[in-house]
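Structural description and commentary
Listed below are the residues making up each chain.
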Amino acid sequence: MAKLLELIDFHYYYGNIHSVKGINLSVDEGEIVTLIGANGAGKTTTMQSISGLTARRGVVGKILFQGKEIQKYNGYKVATLGIAQSLEGRHVFSQLTVEENLMMGAYLRKDSKHIKDDLKNVYDRFPRLLERRTQMAGTLSGGEQQMLAMGRALMSRPKLLLLDEPSLGLAPLITQEIFVAVRDINKEGTTILFVEQNSKIALNTASRGYVMQTGEIVMSDTSENLLSNEEVKKAYLGG
Amino acid sequence: MQTFLTLLISGLVIGGIYGLIALGYSLIYRASGLMSFAQGDMVTLGAYLGIFYYVWLGLPILVALVLTFITAFLFGMALERGVIRTLLKKNVIPIYIVLATIAVSYIIQNLAQAVFGSTTQWFPQVFPVANLTLFGVTNQTEAYASFVISIILMIALHLFMTKTKFGTAMRGSAMDPLAAESCGINTSLSTGITWGLAASIASLAGMMLGPMYGVFTTLGSTIGRKGFAGAVVGGYGNMYGAMIGGLLLGLAETFVAGYIDGTYKNQIAYIILIVFLFVKPTGIFNEKAIQDV
Ligand SMILES: Nc1ncnc2c1ncn2[C@@H]1O[C@H](COP(=O)(O)OP(=O)(O)OP(=O)(O)O)[C@@H](O)[C@H]1O
Ligand SMILES: [Mg+2]
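Computed from a predicted structure; not experimentally measured.

Calculation notes
- Residues numbered from 1 in each chain as written.
- Chains lettered and ligands numbered in written order.
- Predicted model: local features only at pLDDT ≥ 70, side-chain atom pairs only at ≥ 80, totals over all residues.
- Heavy atoms only, no water.
- Phe/Tyr/Trp six-rings, centres within 6.5 Å; stacked < 30°, edge-to-face > 60°.
- Helix = DSSP H or I, 4+ residues; strand = E, 2+ residues; numbered from the N terminus.
- Buried < 20%, exposed > 50% of the residue type's maximum accessible area, 1.4 Å probe, protein only.
- Lys NZ or Arg CZ within 6 Å of the ring centre and 35° of its normal.
- Contact = heavy atoms within 4.5 Å.
- Buried area = accessible area lost by both parts, 1.4 Å probe.
- Salt bridge = Lys/Arg side-chain N within 4 Å of Asp/Glu carboxyl O.
- Nonpolar A, V, L, I, M, F, W, Y, C, P; charged D, E, K, R; others polar.
- Axes fitted to C-alpha atoms, helices over the stretch in contact; angles between N-to-C directions.
- Left-handed = near helix turned anticlockwise from the far one by under 90°.
- Donors = N, O, S within 2.8 Å, 3.2 Å for Na, K, Ca; no water.
- Pairing = 2+ DSSP bridges.
- Lys, Arg positive; Asp, Glu negative; His and termini not counted.
- Polar contact = N/O pair within 3.5 Å; in protein donor to acceptor, adjacent residues only side chain to side chain.
- Near = heavy atom within 4 Å.
- Areas by Shrake-Rupley, 256 points an atom, 1.4 Å probe, with all protein chains shown as cover.

1. A look at the packing of aromatic side chains
Scanning all chains against the criterion turns up 13 aromatic pairs over all chains. Geometrically, the ring pair formed by Phe255(B) and Tyr259(B) is stacked, given 5.9 Å between the ring centres and 20 degrees between the ring planes. Of this pair, Phe255(B) and Tyr259(B) both sit in helix α10 (residues 239–260), four residues apart, which is roughly one turn of that helix. Taking the relative accessible area as the measure of exposure, Tyr259(B) reaches 49% and is therefore partly exposed. An aromatic cluster is present here, built from Tyr48(B), Phe52(B), Tyr53(B), Trp56(B) and Phe116(B) joined pairwise through their rings. Above the face of the Tyr73(A) ring, Lys77(A) is positioned so that its terminal group lies 4.3 Å from the ring centre. Above the plane of the ring of Phe93(A) lies Arg152(A), whose end atom (NZ or CZ) is 4.8 Å from the centre.

2. Digging into the environment of Ala149(A)
All names here are of chain A. Note on placement: Ala149 falls in helix α6 (residues 142–154). Put simply, Ala149 and Leu102 are 47 residues apart on the chain and 8.3 Å apart in space, counted from C-alpha to C-alpha. If near-sequence neighbours (up to four positions away) are discounted, Ala149 is found in contact with Ser86, Arg90 and Val92.

3. Focus on the interface of chain A and chain B
Taken residue by residue, the interface counts 23 residues in chain A and 20 residues in chain B. Together chain A and chain B conceal approximately 1,900 Å² of surface at their shared face, both sides included; 63% is due to carbon and sulfur atoms. If you sort the residues of chain A by the area they bury against chain B, Tyr76(A), Phe93(A) and Tyr107(A) come out on top, with a joint share of 35%. At the junction of chain A and chain B, the tally comes to one salt bridge. For Glu100(A), the salt bridge identified is with Arg171(B), shortest N-O distance 3.5 Å. Of all elements in the fold, only α2 (75–81) and α3 (98–105) of chain A reach the threshold of two or more residues within the side of chain A that touches chain B. Tallied by class, residues from the side of chain A that touches chain B come to 11 nonpolar, eight polar and four charged.

4. Observations regarding the packing of α3(A) against α6(A)
Each pair of packed helices can be described by the angle between their axes along with the distance between the axes. Residue and element names in this part refer to chain A. Between α3 and α6, whose axes approach to 6 Å, the crossing angle comes to 35 degrees. In this structure, α3 meets α6 at a crossing whose hand is right-handed. Residues Val98, Asn101, Leu102 and Gly105 of α3 pack against Leu148, Gly151 and Arg152 of α6. In the contact of α3 with α6, the residues fall into three nonpolar, three polar and one charged.

5. Quick notes on the coordination of the magnesium ion (ligand 2)
All names here are of chain A. Donor atoms from the polypeptide that coordinate the magnesium ion (ligand 2) comprise Thr44 (OG1) and Glu88 (OE), at 1.9 to 2.3 Å from the metal. In this pair, Thr44 is assigned in helix α1 (residues 43–50) and Glu88 in the loop between β6 (83–86) and α3, connecting sequence segments 44 residues apart. Among the residues examined, Glu88 registers a relative accessible area of 29% and is labelled partly exposed.

6. Describing the pairing of strand β2 (residues 137–140) of chain B
Pairing analysis gives four bridges linking strand β1 (residues 131–134) of chain B to β2(B), with the strands arranged antiparallel. Bridge assignment links Leu132(B) to a residue of β2(B), and that residue is Asn139(B).

7. A word on the pattern of salt bridges
This model, assessed by the stated rule, comprises 18 salt bridges over all chains. The residue Asp111(A) makes a salt bridge to Arg109(A) at a minimum N-O spacing of 3.2 Å. By relative accessible area, Asp111(A) is classed as partly exposed at 28%. Of the charged contacts, one joins Arg30(B) and Glu287(B) as a salt bridge, the two residues approaching to 2.7 Å between their closest N and O atoms. Highlighted residues: Arg30(B) in helix α1 (residues 2–32) and Glu287(B) in the segment after α11 (265–279), separated in sequence by 257 residues. By relative accessible area, which is 34% here, Arg30(B) ends up partly exposed. Among the charged side chains, a salt-bridge network with shared partners connects Arg128(A), Glu131(A), Arg132(A), Glu144(A) and Glu177(A).

8. Observations concerning the environment of Leu168(A)
Residue and element names in this part refer to chain A. Examined against the element boundaries, Leu168 turns out to sit in the loop between β7 (160–164) and α7 (172–187). Residues Leu168 and Gly143 lie 25 residues apart in sequence; the distance between their C-alpha atoms is 9.1 Å. Excluding residues within four positions of it along the chain, Leu168 makes contact with Glu88, Gly89 and Arg90.

9. A closer look at the side chain of Arg56(A)
By the element assignment, Arg56(A) lies in the loop between α1 and β4 (59–65). Although Arg56(A) lies buried, it forms no salt bridge, and the closest oppositely charged side chain, Glu181(B), sits 9.0 Å away as judged by the N-O distance. Within polar-contact distance, the side chain of Arg56(A) engages the backbone oxygen of Tyr73(A) at 3.3 Å. Setting aside residues up to four positions removed in sequence, Arg56(A) forms contacts with Gln48(A), Ser49(A), Ile70(A), Gln71(A), Lys72(A), Tyr73(A) and Asn74(A).

10. A few points about the site of ligand 1
All names here are of chain A. Lining the immediate surroundings of ligand 1 are 13 residues, of which Ser19, Lys43, Thr44, Thr45 and Glu88 lie closest. Here a nitrogen atom of ligand 1 sits 3.3 Å away from a polar atom, N or O, in the side chain of Tyr14. One of the side-chain N or O atoms of Lys43 is found 2.8 Å from an oxygen atom in ligand 1. Contact with the protein chains hides 61% of the accessible area of ligand 1, taken as 640 Å² for the molecule alone. For the shell around ligand 1, the element with the most residues is α1, which contributes three residues. Its residues assigned to classes, the shell around ligand 1 comprises three nonpolar, seven polar and three charged.

Here it is in structure tokens:
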């Protein structure tokens, strides 16, 4: 399988603060991979750095997408390559309608006919968004906003979909619903790298996982192996 | 009744101008979270650009209008690129950026004086008919044209910001730059364009003021401040609030001057401003004005 994304000895510095300390990570085409770890481990920094959303001067090391170095790219430029992210904390455009939010996801596309199809697909996947298509995004519930954030990312037809904590602050039932969608999206052919606080759901969804701790990757294995690993069980799966 | 109509029309004419200037303040606040003291000077800039293109170069009025718009647009973008962004990159506290705009404001005023001199210049009559009588009220033809152009600009801006993909993206960038960037929107370009638009709208206001008020170096700082008051009264940062707030102040000062006493004409906008800050800081359109605690 061809490597779609690869981080080689990637570091991130917020000024003097060394937040990510030389990690190696890769995602193959078609894969679904998770990045788990405690608060402050550097997961969001890593995800946003891939998308070009962190200040570029803090990046050291390489980020390759389809074999091409992209670590110097700004956010909007990374988006043109086919990388979309559903951001931690959702970041919907609160004073735009649900549909305007989704259309912003398709901002770079010119194929208006296929955009219509994709809009319909998002509404089929998340019928609640269809019911609320003319509502301001800021008035949606947390779960609905998460669906919108994911839908917006999907509207770009990404080659790589990044999801940062899709279950943040959501009730268990909605979390289940979100992860059913995550699995489906991957089955339909989109490569996914996601960060998730709930390690059990994460490893049950992904085929492989990386475990991050204070800026370093301390373990990397198949989900199956990680789920049965004693250390992982103790630290991340509640015993 | 005749007095009422006369005042109503004058109020709407000057209110339209205030509304345009207020729009610029609000656009900038939305995009950058800042207040630019140089915004009023974009009015002055526009008035002189009008003289430059229309009188000095002798171009047709519509061409002069478009060129003024474009020149001011480039100037506004350059101001954002050259001054504002440089300071932002240094992580300067916002108030210092606002202070820098005061410096820019004085530079523009003094440059204008150096180039055009300190005497008031008069923008020549544009239309073949000097005065027009509507509803029994006679006014300078340019005054009526100014109101029509103000309203057209406001509607055009509304349509651009809400109905076009690019306008929606600009609003999105202002709301959530991180999300906008992740959607492929070049947020720094979007901010630059916003400053450009703010300058060009104000410049047209200045060009329209020329025939009515004359052109002098402090034209913008006097009238610009009233536009600022209009923006606050409408709800600072709200496009529609800016338009309504500007119109309202124009009407208020004209009616007070007409019915009560002309000496208070130039205070009324600021009295309303301070009353709003005390009683309803969120303005007519309820913008966020109170800090979260
Ligand atoms: N803008 C910033 N400036 C300085 N330090 C930062 C900044 N953003 C994050 N950090 C620091 O970098 C480290 C990694 O943060 P990051 O948000 O990437 O962690 P995370 O793994 O996503 O955590 P969480 O699970 O809480 O979301 C933390 O120590 C954090 O304090
Ligand atoms: Mg995080």
